[in-house]
Amino acid sequence: MAGFYKDLIRILKRAGCTYVRPGKGDHEIWYSPISDRNFTVDHHTKSRHTANNSLKQAGLPKAF
């Protein structure tokens, strides 16, 4: 099963979100101008629920 990471990052970049820094383990910290907050993205996102949760934190609608 392929992960959702590449598609998730593509959606985030189109929405204007930017990579901030690495987080703990395999997580990354991103910033969303829509929600005006930082949020985490798991580099090995394999669950659509996890991917949609990252989108929700970014202020974007579900995509998976």
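Use the structure listed above.
This structure is a prediction, so every number in the text was calculated from the model and none was measured.

Further remarks concern the pairing of strand β2 (residues 27-32). Across 4 bridges, strand β1 (residues 18-22) lies against β2 in antiparallel orientation. By the bridge assignment, Pro22 is partnered in β2 with Glu28. In this structure, the hairpin formed by β1 and β2 is closed by a connection of 4 residues, where Gly25 is found at a positive phi of approximately 65°. Examined bridge by bridge, β2 and strand β3 (residues 37-42) share 6 bridges and lie antiparallel to one another. Bridge assignment links Ile29 to a residue of β3, and that residue is Thr40. Between the end of β2 and the start of β3, which pair antiparallel, lie 4 residues, with Asp36 showing a positive phi angle near 55°.

Running from N to C, helix α1 (residues 5-14) and helix α2 (residues 48-57) cross one another at 10°; their axes reach a closest spacing of 10 Å. Between α1 and α2, the interaxial angle falls into the category roughly parallel. For the pair α1 and α2, the sense of crossing is right-handed. The residues of α2 that touch α1, namely those facing Leu8, Ile11 and Leu12, are Ala51, Ser54 and Leu55.

Let us now look at the sheet that holds β3. The antiparallel open sheet is built from 3 strands, whose spatial order is β1-β2-β3. Sheet topology places β1 and β3 at the edges, where each strand pairs with a single neighbour. Strand-to-strand twist of the sheet, defined as the mean angle between neighbouring strand axes without regard to direction, takes the value 35°. Against the sheet, α1 makes contact with β2 and β3, and its axis sits at roughly 160° relative to β3, the strand it touches most.

A few words now on the nonpolar core. Formed by 13 residues in total, the largest nonpolar core has its most connected members in Leu12, Trp30, Phe39 and Val41. Only α1, β3 and α2 provide two or more residues apiece to this core. Setting aside chain neighbours within four positions, we find Val41 in contact with Tyr5, Leu8, Ile9, Leu12, Asp26, His27, Glu28, Trp30 and Ser54.

Our next topic: the side chain of Ser32. As for its placement among the helices and strands, Ser32 is situated in strand β2. Side-chain polar atoms of Ser32 contact the backbone nitrogen of Ile34, separated by 3.2 Å. Beyond its immediate sequence surroundings of up to four residues, Ser32 is in contact with Cys17, Arg37, Phe39 and Ala58.

Analysis parameters
- Residues numbered from 1 in each chain as written.
- Predicted model: local features only at pLDDT ≥ 70, side-chain atom pairs only at ≥ 80, totals over all residues.
- Heavy atoms only, no water.
- Pairing = 2+ DSSP bridges.
- Helix = DSSP H or I, 4+ residues; strand = E, 2+ residues; numbered from the N terminus.
- Axes fitted to C-alpha atoms, helices over the stretch in contact; angles between N-to-C directions.
- Parallel < 35°, antiparallel > 145°, perpendicular 65-115°, else oblique.
- Left-handed = near helix turned anticlockwise from the far one by under 90°.
- Contact = heavy atoms within 4.5 Å.
- Core = buried A, V, L, I, M, F, W, Y, C linked by side-chain atoms within 4.5 Å.
- Buried < 20%, exposed > 50% of the residue type's maximum accessible area, 1.4 Å probe, protein only.
- Polar contact = N/O pair within 3.5 Å; in protein donor to acceptor, adjacent residues only side chain to side chain.

What is shown is where atoms sit, not what they do.
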